[in-house]
Amino acid sequence: MTDEELIVEFALTRLDNPGLDLEEIAALVVRRMGPEGEVEFASRNLAVRGELRGAVFPSAVEQVLRVVLTLRGPAD
């Protein structure tokens, strides 16, 4: 999944769940991606952090948040 596709998925999930915070939305996105998506995002996150091992689900959620916040740009 590209970063752009991830942003669209995140935005659609946020529209469906307006009362959730960003981390909760990222967790929903990761769950919807299934086990393969979870491992993909976790591996990307661990690579960025320069780590060899880590918990899969939290690492995947962190990667989704990293992409969303990076593409969102600086706060005004």
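What comes next is a walk through the structure. (Residues numbered from 1 in each chain as written. Predicted model: local features only at pLDDT ≥ 70, side-chain atom pairs only at ≥ 80, totals over all residues. Heavy atoms only, no water.)

Let us look at the pattern of salt bridges. Evaluation of the coordinates by the stated rule reveals 6 salt bridges. Between Arg 49 and Glu 62 there is a salt bridge, with the nearest N and O atoms lying 2.8 Å from each other. A residue pair is termed long-range when its members are at least 10 positions apart, and Arg 49 in helix 2 (residues 22-49) and Glu 62 in helix 3 (residues 56-72) qualify at 13 residues. Among the ionic pairs, Arg 66 bridges to Glu 62, the shortest N-O distance being 2.9 Å. Highlighted residues: Arg 66 and Glu 62, both in helix 3, separated by 4 residues, approximately one helical turn. Exposure remark for Arg 66: the relative accessible area of 28% places this residue in the partly exposed category. When salt bridges with common partners are traced through the structure, they connect Arg 49, Glu 51, Glu 62 and Arg 66 into a single cluster. (Salt bridge = Lys/Arg side-chain N within 4 Å of Asp/Glu carboxyl O. Helix = DSSP H or I, 4+ residues; strand = E, 2+ residues; numbered from the N terminus. Buried < 20%, exposed > 50% of the residue type's maximum accessible area, 1.4 Å probe, protein only.)

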